[in-house]
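Listed here are the chains, written in short residue letters.
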Amino acid sequence: MQKNEIKIRTMKKDDAQDLRNIWISPEVTKYTLSRPNLTTAQTRKRLMNPDSESIVALVENTPVGVARLTKFHGRRNHSGEIVMFISKDFQSKGIGTTLLNKVIQIAKKKKLKRVQLGVNVDNKKAIGLYKKMGFKIEGKLKKDSQRGNKLIDNYCMAKLF
Ligand SMILES: CC(C)(COP(=O)(O)OP(=O)(O)OC[C@H]1O[C@@H](n2cnc3c(N)ncnc32)[C@H](O)[C@@H]1OP(=O)(O)O)[C@@H](O)C(=O)NCCC(=O)NCCS
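Report follows, based on the coordinates. (Residues numbered from 1 in each chain as written. Predicted model: local features only at pLDDT ≥ 70, side-chain atom pairs only at ≥ 80, totals over all residues.)

Looking at the overall build of the protein
We apply this condition: Each helix is a run of DSSP H or I of at least 4 residues and each strand a run of E of at least 2, with the numbering of both proceeding from the N terminus. Between the two quantities, the radius of gyration covers C-alpha atoms and the globule rule is 2.2 Å times the number of residues to the power 0.38. Think of it as a crowd count around each C-beta: if 20 or more other C-beta atoms lie within 10 Å the residue is buried, if 12 or fewer it is exposed, and in between it is partly exposed, with C-beta placed from the backbone throughout. Any two residues are considered in contact once their C-beta atoms, placed from the backbone, lie within 7 Å.
Along the protein, the regular secondary structure elements total 5 helices and 7 strands. For the protein, the N- to C-terminal ordering of α and β elements is β-α-α-α-β-β-β-α-β-α-β-β. Radius of gyration (C-alpha) of the protein: 15 Å, near the 15 Å computed for a compact globule of 161 residues. Seen through its C-alpha atoms, the protein measures out along the principal axes to roughly 40 × 40 × 30 Å. For the protein, with 161 residues in total, the buried portion stands at 29%. Expressed as a percentage of contacts within the protein between residues at least 6 apart in sequence, the contacts between residues at least 24 apart total 56%.

Section: the nonpolar core
The line we're drawing: Throughout this description, the term nonpolar core refers to a group of buried Ala, Val, Leu, Ile, Met, Phe, Trp, Tyr and Cys residues whose C-beta atoms join them within 7 Å.
Ile55, Val66, Ala67, Ile82, Met84, Leu99 and Val103 are the most contacted members of the largest nonpolar core, which has 26 residues in total. Per-element tally for this core: the top contributor is helix 4 (residues 95-109), with 6 residues. When sequence neighbours within four positions are dropped, the list of residues in contact with Leu99 reads Ile8, Ile55, Ala57, Gly65, Ala67 and Met84. By size, the runner-up hydrophobic cluster in this structure holds 6 residues, among which are Tyr130, Phe135, Tyr155 and Met157.

Right under this line is the structure:
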């Protein structure tokens, strides 16, 4: 996919419906904490709130992925958390790399010293992407999240500035 085919911009309210449909798709649900009954309003609230900045990747003006940076409070206000997902049909085309690069730029602009995320230990693609972008595995959280009837281990990964 050519870089000029992908547009990145701040999330708008009207993006929530498309992003919700991506978030509840099986290929994304498998590796994220979303649930099939997630509504558009909940999606909007999770991705657009005073503590978060979400950027959207668009192809032909349709949202195909999102990355959210959430800044922590108080004595952790130097630190933030990233969540991201891309529509199945647009994965492995460099969009995740572009979005993550942009989120890292935003974190640096906010003078954050640390960005972190949780990732399922079997999510090879995501772990590969995060390592490529300078994130390090800091530890493993055992039985941290659910996938169907299974309890899944997650890595905590972080990038320091
Ligand atoms: C994980 C995700 C965000 C990555 O976005 P993407 O657009 O597919 O990723 P990109 O094409 O930009 O980058 C893929 C990178 O992953 C890595 N990668 C891909 N397949 C890999 C594999 N089998 N093993 C290890 N690393 C792999 C490579 O570093 C690759 O970069 P390269 O092509 O420059 O070598 C996306 O696939 C996704 O949304 N998946 C489902 C939901 C999800 O897992 N969200 C993250 C939860 S923590």
